[in-house]
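Listed here are the chains, written in short residue letters.
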Amino acid sequence: METRQGLPDLAPETVAGAVAATYAAGARAVQPELCCPVEYDPKWLAAIPAEVLERDYGCGDPSRWLRPGETVLDLGSGGGKICFIASQVVGPEGRVIGVDMTPDMLELARRARPEVARRVGWDNVEFRRGRIEDLALDLEKLEEWLIAHPVRDLAGYSALLAETERLRREEPMVPDDSIDVVVSNCVLNLVAPGAKERLFAELHRVLRPGGRAVISDIVASQPVPAELQRDPELWSGCISGALEEGAFRRAFAAAGLDGLRVLARGEEPWRVVAGIEFRSLTVAAWKPPVPVEAASCCAPPTAGGGGGCCG
Ligand SMILES: C[S@@+](CC[C@H](N)C(=O)[O-])C[C@H]1O[C@@H](n2cnc3c(N)ncnc32)[C@H](O)[C@@H]1O
């Protein structure tokens, strides 16, 4: 990935720790400086509790491009606002999964879930704890295992690594090819440079063939210089980790997600830091359908019309 060339690489754990601490505070109390104002369709907001709406840390609205019946995965779901909007758009035949690494955010979203379900009339949203760059690993399952098997020595460490691999393989939090639409609102920039390539690979892995990613994020008018990248605190403000706009667009194709379309682009920058403009961008990109020659009778429909013939 281009962000790794010639720039210091912040360790993913350092970045994740700083980001999780900021958003834990952002779950407990509203942090206006984390907010980039977004207008959502008011008809979806009535069902969502105020404490969720007040903690809007998004920068776009990927839910506008969802359809009834779809299975949606929201990366970095925060207080759950996009998931609760998506729940209404996809309807009772659809399904929504929110993934976030910050326990306080998950608690906020899970607290709101029954009330949203009551107001909407169906309950099709669930929230899971994990890293968006490692969507196979369910961190709540891993924590449960760790409590029962505390690591005290190298043998324990080895057992932990084995359990981590077993969970990814046998009980993946988000299985391969299982999602119609991956959405995300202002989160991809928060992932460390050393983990961004894996993040885009995970988008591709979890999407079904023909599925799409609809991503809102902050992008920069120039590559973010080393002195801004080196400050872990600036990551949480969606500045340090923002990719240069061209690099952001190319990262989708590099991961095998094709046909990128720009759905919305802030003409005015959200912020200007050190002469660099940071603005909101929403794009869609597609995982290619199964090639016609590889499609069997029971495969999903392909661009060429093959597959999908089992009644
Ligand atoms: C800017 S907020 C956006 C929240 C939500 N999408 C919204 O629109 O309000 C970022 C969220 O992503 C989560 N997050 C950041 N990096 C993450 C990662 N690597 N894996 C999982 N969650 C992450 C944070 O805990 C926080 O809840």
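The structure displayed is predicted, hence computed values, not measured ones. (Residues numbered from 1 in each chain as written. Predicted model: local features only at pLDDT ≥ 70, side-chain atom pairs only at ≥ 80, totals over all residues. Heavy atoms only, no water.)

Before going further, it helps to examine the site of the ligand. Around the ligand sit 22 residues, and of these Tyr57, Gly76, Asp100, Thr102 and Glu133 come closest. A distance of 3.2 Å separates a nitrogen atom of the ligand from a polar backbone atom of Met101. Contacts to the ligand include Glu133, whose side-chain N or O atom sits 2.9 Å from a nitrogen atom. In the complex, the protein chains occlude 98% of the 600 Å² of accessible area that the ligand would expose alone. Tallied by class, residues from the shell around the ligand come to ten nonpolar, seven polar and five charged. (Near = heavy atom within 4 Å. Polar contact = N/O pair within 3.5 Å; in protein donor to acceptor, adjacent residues only side chain to side chain. Areas by Shrake-Rupley, 256 points an atom, 1.4 Å probe, with all protein chains shown as cover. Nonpolar A, V, L, I, M, F, W, Y, C, P; charged D, E, K, R; others polar.)

So, about helix H11 (residues 245-254). Turning to H11, its buried residues are Glu245, Gly246, Ala247, Phe248, Ala251 and Phe252. Tucked into the core, H11 has its buried residues touching helix H8 (193-206), strand E5 (207-220), strand E6 (243-244), strand E7 (258-265) and strand E9 (276-286). Where H11 begins, one side-chain oxygen reaches toward the backbone nitrogen of Gly246, 3.1 Å away; that side chain belongs to Glu244. Of the residues trailing H11, Gly256 is marked for its positive phi of about 90°. (Buried < 20%, exposed > 50% of the residue type's maximum accessible area, 1.4 Å probe, protein only. Helix = DSSP H or I, 4+ residues; strand = E, 2+ residues; numbered from the N terminus. Contact = heavy atoms within 4.5 Å.)

Turning our eyes to something else, we now look at the packing of aromatic side chains. Taken as a whole and assessed by the stated rule, the structure comprises four aromatic pairs. Taken together, a centroid distance of 5.6 Å and an interplanar angle of 75° make the contact between Phe84 and Phe127 edge-to-face. Taken together, the residues Phe84 in helix H4 (residues 81-90) and Phe127 in strand E3 (residues 125-129) connect sequence positions 43 residues apart. Pairing Phe200 with Phe252 gives two aromatic rings, centres 5.0 Å apart and planes at 85°, and the pair type is edge-to-face. Placement of the pair is Phe200 in helix H8 and Phe252 in helix H11, with a sequence separation of 52 residues. Side by side, Phe200 and Phe252 carry an identical accessibility label, which is buried. Taking the ring centre of Trp270 as reference, the NZ or CZ of Arg271 above it sits at 5.8 Å. (Phe/Tyr/Trp six-rings, centres within 6.5 Å; stacked < 30°, edge-to-face > 60°. Lys NZ or Arg CZ within 6 Å of the ring centre and 35° of its normal.)

Any link to function would need more than the numbers given here.
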